[in-house]
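Structural overview for review
Each chain, written out:
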Amino acid sequence: MESINSVKNRFLAEKKEAEYRLTVKDYQGAMPHLEKAAELLGEVYRRDINVQRREQYKRIREELRDKYDECKQELGMAPSSSSKPRQSTQRPAGPRPAAGGASQAKGGAPAKGGDQKGKGKQAEEDDGINYVVNGIDLKQFLASESREKDVMFDDVIGMEREKRTVKGELFLSEEEKAYKAQIGLKNKNFILLYGLPGTGKTYFAMALSNELREFSGEDIPFFSVVCTHLKSSHVGQTENNIIALFEFTKQFDRCVLFMDEFDAIGQSRQKNSGDPTAVTVVNTLLTQLGGFDSNPNLLFIAATNCPYNLDGALLSRASPKIEVPLPGAEVLYGTLKRKLGDLVAPDVDLSAVANRLAKSKFSNRDASNLIDEIKRKLFEAHRADDMIDKVDTSMITTALKEVKSSVKRDEEIALEEFKAQFAEN
Ligand SMILES: Nc1ncnc2c1ncn2[C@@H]1O[C@H](COP(=O)(O)OP(=O)(O)OP(=O)(O)O)[C@@H](O)[C@H]1O
Ligand SMILES: [Mg+2]
């Protein structure tokens, strides 16, 4: 690790450079040096336990802030709320699709059916989509996340092979599509994502849908349904809900229907757990999925934590069946690096943390929860002493005492057995 004196020297050099630029009125040039000086000063502060010197660092930090504000004022920029020179932790700007889900469809009118009245700004509520089918308002089944997320494959850390698999199947040029049709090869339009809770099935499905939209240049809406919500205690209602949902998708030229917790409606007819409707519900699903030919532009993605409970006929239709695995150390390192970024002090060994998380079988959601907890620790420390603005090892250790892996051993074993029998990837 770099010695504290070396960090101090670098701080002094940055400060000197900033001061020189200020004397020649190069305010634009001074700002990055002020930012860097503030960052290095923060590191010195964190590592130096001498109380008097720490007070001195605080005073210097105030001077740096004043100078930074002066630059902003000279350049006609609005002062930031904290007026604090700090490094940006924002993701770099890049092309992004519009907000996900139903709102994706707002510019692109449905192909058939759908009431056209509400194009434009009221899109969330009145987006030109006909949600009422066979007297059932399908909005009640659509998950809110279908309207929020704008994740792309770049945001999905790891899973490179799986990304390639689905791209190879779904991202086809016009020539490739035509050739497939010519030789009578059907498109794959029923993908199954399975894996332990929190591994990223929903995240992957959303990213896939957004990528598909970007690839095709078409406005492909993404609808996410939590299957438990489709279930009803009234005889025949679950089946009616399923039929209405598939009917609903026919109003779009192309759309993605994502069914989360698919096992809730797709459980095996042989080993159904006393649910009298299980057989008719699965039969309805099979019929609707068989109707793909009349709706070839529907991409159906099902996700489940327990694929071993799914009906065999449904399983055999799904292809590819993609396992969304627990993240390895490399993926977890990428997540920590991306989400904590330069909030972390340089002497923190993130790869050691990632190894520990992988060993403890942290899912991606567990890792996200841990990162939130670490940030909370930083916030508390900063509130007590506003010179602290980096995550140190003790914050991580304390957070790790509070956030544990959610993976259950029996679920892991059951998945292993399923994989041995069905795995394609
Ligand atoms: N590959 C990934 N890269 C980065 N972050 C991820 C990845 N996968 C998941 N995450 C993060 O973990 C969170 C949980 O993922 P997600 O909700 O997709 O899991 P899931 O497998 O659908 O869980 P469940 O089985 O409970 O439905 C996401 O919101 C996202 O923040
Ligand atoms: Mg999910």
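As a reminder, the structure under discussion sits directly above these lines.
Structural notes, computed from the coordinates. (Residues numbered from 1 in each chain as written. Chains lettered and ligands numbered in written order. Predicted model: local features only at pLDDT ≥ 70, side-chain atom pairs only at ≥ 80, totals over all residues. Heavy atoms only, no water.)

**Notes on the overall build of the protein chain**
Of regular secondary structure, the protein chain possesses 16 helices and 7 strands. Buried positions account for 46% of the 425 residues belonging to the protein chain. Long-range pairs, those at least 24 residues apart, make up 76% of the contacts in the protein chain with a sequence separation of at least 6. (Helix = DSSP H or I, 4+ residues; strand = E, 2+ residues; numbered from the N terminus. Buried < 20%, exposed > 50% of the residue type's maximum accessible area, 1.4 Å probe, protein only. Contact = heavy atoms within 4.5 Å.)

**Describing the sheet that holds strand 4 (residues 222-226)**
Within the open sheet, the 5 strands sit side by side as 4-5-6-3-7. Their pairing is parallel. The sheet is open, and its two borders are formed by strand 4 and strand 7 (321-323), each paired with just one other strand. Neighbour-to-neighbour, the strand axes of the sheet open up by a mean angle of 20 degrees, direction not taken into account. Contacts from helix 8 (residues 237-249) reach strand 4, strand 5 (255-260) and strand 6 (298-304), with the element oriented near 155 degrees to strand 5. (Pairing = 2+ DSSP bridges. Axes fitted to C-alpha atoms, helices over the stretch in contact; angles between N-to-C directions.)

**Remarks on the site of ligand 1**
Of all residues adjacent to ligand 1, which total 16 residues, the nearest are Gly198, Lys201, Thr202, Tyr203 and Asn305. Glycine 198 has a polar backbone atom sitting 2.9 Å from an oxygen atom of ligand 1. A distance of 3.2 Å separates an oxygen atom of ligand 1 from a polar atom in the backbone of threonine 199. Of all the secondary structure elements, the ones that give two or more residues to the shell around ligand 1 are helix 6 (201-216) and helix 14 (364-384). For the shell around ligand 1, the class distribution of residues is 4 nonpolar, 7 polar and 5 charged. Two domains each put at least three residues into the shell around ligand 1: domain 2 (101-326) and domain 3 (329-406). (Near = heavy atom within 4 Å. Polar contact = N/O pair within 3.5 Å; in protein donor to acceptor, adjacent residues only side chain to side chain. Nonpolar A, V, L, I, M, F, W, Y, C, P; charged D, E, K, R; others polar. Domains from an automatic or database assignment.)

**Some thoughts on the packing of helix 2 (residues 27-47) against helix 3 (residues 51-74)**
Packing of helix 2 against helix 3 brings their axes to within 10 Å, and their N-to-C directions diverge by 160 degrees. Taken together, the axis directions place helix 2 and helix 3 in an arrangement best described as roughly antiparallel. Between helix 2 and helix 3 the crossing geometry is left-handed. Together, Tyr27, Ala30, Met31, Leu34, Glu35, Ala37, Ala38, Leu41, Val44, Tyr45 and Arg46 of helix 2 and Arg54, Tyr57, Lys58, Ile60, Arg61, Leu64, Lys67, Tyr68, Glu70, Cys71, Lys72 and Glu74 of helix 3 make up the contact between the two elements. Looking at the contact of helix 2 with helix 3 residue by residue, the class counts come to 14 nonpolar, no polar and 9 charged. (Parallel < 35°, antiparallel > 145°, perpendicular 65-115°, else oblique. Left-handed = near helix turned anticlockwise from the far one by under 90°.)

**So, a nonpolar patch on the surface**
A contiguous nonpolar surface patch, about 320 Å² in accessible area, is contributed by Tyr179, Ile183 and Leu185. Mapped onto the elements of the fold, isoleucine 183 is located in the loop between helix 5 (174-182) and strand 3 (190-194). Residue isoleucine 183 is classed as partly exposed on the basis of its relative accessible area, which comes to 48%. (Patch = residues over 30% accessible without salt bridge, like charges linked within 9 Å, V, L, I, M, F, W, Y side chains within 5 Å. Areas by Shrake-Rupley, 256 points an atom, 1.4 Å probe, with all protein chains shown as cover. Salt bridge = Lys/Arg side-chain N within 4 Å of Asp/Glu carboxyl O.)

**Describing the environment of glutamate 239**
Here glutamate 239 is to be found in helix 8. For glutamate 239 and threonine 284, which are 45 residues apart along the polypeptide, the C-alpha to C-alpha distance reads 6.1 Å. Beyond its immediate sequence surroundings of up to four residues, glutamate 239 is in contact with Thr277, Thr280, Val281 and Thr284.

**Brief notes about a negative patch on the surface**
Taken together, the side chains of Glu63, Asp66, Glu70 and Glu74 define an acidic patch exposed on the protein surface. Owing to a relative accessible area of 34%, glutamate 70 belongs among the partly exposed residues under this scheme. (Lys, Arg positive; Asp, Glu negative; His and termini not counted. Charge placed at Lys NZ, Arg CZ, Asp CG, Glu CD.)

**With respect to the packing of helix 14 against helix 15 (residues 393-402)**
The interhelical angle for the contact between helix 14 and helix 15, taken along N-to-C directions, is 130 degrees, at an axis separation of 9 Å. Relative to helix 15, the element helix 14 lies oblique. Considering how the two elements wind past one another, helix 14 and helix 15 form a crossing that is right-handed. Two secondary-structure elements touch here, helix 14 through Leu370, Glu373, Ile374, Lys377, Leu378 and Ala381 and helix 15 through Met395, Ile396, Thr398, Ala399, Leu400 and Glu402. Tallied by class, residues from the contact of helix 14 with helix 15 come to 8 nonpolar, 1 polar and 3 charged.

So, to be careful, I would describe these as geometric facts and stop short of saying anything about function.
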